[in-house]
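The chain contents come next:
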Amino acid sequence: MKKKLITLLFVFTVINVFAQISIIAEPEKNNPAAAEVLPLSDALAYKSIKPVAKIPLYENGILIYDYDGNLFSYDLDSETIVWTVKAADAHTPMCGNKITLHDGVVYVPFINGEIFAVDNQDGSVFWKARIGDSKDQIILKDQIPVISNGKLYVTAQNQTIYALNLKDGSLAWKYKLDVVNNDIPVLSFGNKVFTPSGPNFYSFDAATGKVLNQKSLDQNMSGKPVTDGENVFVASDKDMLFALSLDKLDVLWQFKIEENQNNIRERIFCKDNKVYFGTQGTTGSSIYAVDSKTGAQIWKTDFKEDSIEYMTELDDNIWGYTRKGKLFQLDLNGEMLFETKLTTMPISNLEFPVGDSLYYYCDAGLIQYELEGKDENVMYMRTSILDTIYSAYVKIIR
C-alpha cells in the first residue's frame, strides 16, 4: 500500500508541474530504449485536445515568433494580429527557437520545454507537449521542429533527443546524448535521423530511435547537419567541416577554414554537388563553396572586418546579412549581385514574398524591405523594446 501511494504521489507531482498538460507520455512498446523509466527532468507529458487535421492556409498572413517569446499570426492586408499563443509559464521573455508549418499546422517549441501544434487559421491548439519540469530554465534552444515519418524531432538542453508522434504529441522515442547544450536542429533523411552531440555524431532509426552508428570526431560539433543525398556534412565549433558517409559515418574528407574564422552553425546548405557555408570571425568572415565529393574549395567570398550573421539560399542565390547590418546577395559562383547597408538591424531570418521585396524582424518590429528602392517599411511596430534580445523568427503562411 505504501509503494502504491508513493507511486501515485510521484505521478500527481509530474501532472501538477505540467499545469494543463495532464497525460504522462507512454513510449511505444516496440522501442525498448524508450520503455525505460524517465527521470523527472527527462519526462515528456502531453495533452491531446483535438485530432490533428490538414488545414487550409490563411491568405496573405505571416507568422511572427517575437523575441519576447510570443507567437502570433499577422494579417498583411489589414495589418492586424489574428491570433496569439504563448508558453504557459516561461519566466524568461525570449523566443530562442523557430517554427515549422506543415499541412496547415504550426509546430512551435518554447524555451521552457513546451511544444504546441496550432491551427494556422485561428490559433486553436491540437495538442501540447512538455519536456522536463523546469519553469525557469531554457530547455529548448535554437530548435526548429523537424518533421518526417509521422514524427517531430527536437534535441533538448537536458541532454536528450526526442521523437514525438505528430498526431497527438506523445513520446515515440528518446535517447540520452553525450552532453548538455544541444542547440542544433537534427537532420532527417530517408529513414534516419542525424544529430551531433559534443564530439560525437549519431545516426538513429527514425521510427524506433535505435542507434545505427556513432562517430567520435576530434572537435565538438556545433553545426547543423546537411546532406547532398549521398553524404552528410557537419561543422565543428572551431575550424573544421567534416564529410561523413550516410551509412557508416566514415570520415570521407575534412575541410579546414581560414585562421580566426569559426562558428558555421546553421549557415550551411547543399546544392548541385556543392556545400556552401558561411563563417564568423573577429577580423572578417567568408562564404565558401566546396565540392561535396572531394572537399576541394571552389570559391570563397570574403567579408572584411565584418561577420556573417545569417545566410540562406533562394532560386540559385545566396542571401544574408552581416553583424554590421549589410544585406547581401551572391550568385552560386560567389559573385556579389547586391549589397546595401540597412538602417534597421535584422534579428531574424529573411522571408521572400512574391515580388521585389523581403521581410525580416528587427527590435522595432516587422520590416518589409523593397529591393528596388531600398526602402525599409515598418509593417508591424512593437510598443516596447526589451533590454536583452536573442532572436526572432518569421514565416510567410504559404
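Thresholds applied
Residues numbered from 1 in each chain as written. Predicted model: local features only at pLDDT ≥ 70, side-chain atom pairs only at ≥ 80, totals over all residues. Heavy atoms only, no water. Pairing = 2+ DSSP bridges. Helix = DSSP H or I, 4+ residues; strand = E, 2+ residues; numbered from the N terminus. Axes fitted to C-alpha atoms, helices over the stretch in contact; angles between N-to-C directions. Buried < 20%, exposed > 50% of the residue type's maximum accessible area, 1.4 Å probe, protein only. Salt bridge = Lys/Arg side-chain N within 4 Å of Asp/Glu carboxyl O.

Named according to an unreviewed UniProt entry, the protein is Pyrrolo-quinoline quinone originating from Flavobacterium cheongpyeongense.

Chemist: An account of the sheet that holds strand S34 (residues 375-381) is requested, with residue identities and associated values reported.
Modeler: Read across the sheet, three strands follow the order S32-S33-S34 without closing on themselves; strand pairing throughout is antiparallel. A single partner strand is all that each edge strand has here, and the edge strands are strand S32 (357-362) and S34. Mean inter-strand twist for the sheet, computed between neighbouring axes without regard to direction, equals 25°. In the sheet, strand S33 (residues 365-370) pairs with S34 via six bridges, with the strands oriented antiparallel. In the sheet register, Leu366 faces S34, and the bridge partner there is Tyr380.

Chemist: Quick one: what's the story with the pairing of strand S19 (residues 231-235), residue by residue and with numbers?
Modeler: Within S19, five of the five residues are buried, which leaves it mostly tucked inside the rest of the structure. Alternating residues of S19 divide into Asn231, Phe233 and Ala235 and Val232 and Val234, and every residue in both groups is buried. The pairing of strand S18 (residues 226-227) with S19 spans two bridges and is antiparallel. Looking across to S19, one finds that Thr227 is bridged to Val232. Turn length for the S18-S19 hairpin, with the two strands adjacent in sequence and antiparallel, is three residues, and the turn residue Gly229 shows positive phi of about 95°. Count of turn residues in the S19/strand S20 (residues 240-245) antiparallel hairpin: four residues.

Chemist: Lay out the pattern of salt bridges in plain terms, naming residues and giving numbers.
Modeler: Across all of its chains, the model carries 16 salt bridges by this definition. Put simply, Arg382 and Asp68 hold a salt bridge, and the shortest N to O gap is 3.5 Å. Of this pair, Arg382 sits in the loop between S34 and strand S35 (393-396) while Asp68 sits in the loop between strand S3 (61-65) and strand S4 (71-75); the two residues are 314 residues apart in sequence, bridging distant segments of the chain. What you see here is one network of salt bridges that share partners, running through Lys141, Asp142, Asp183 and Arg265.

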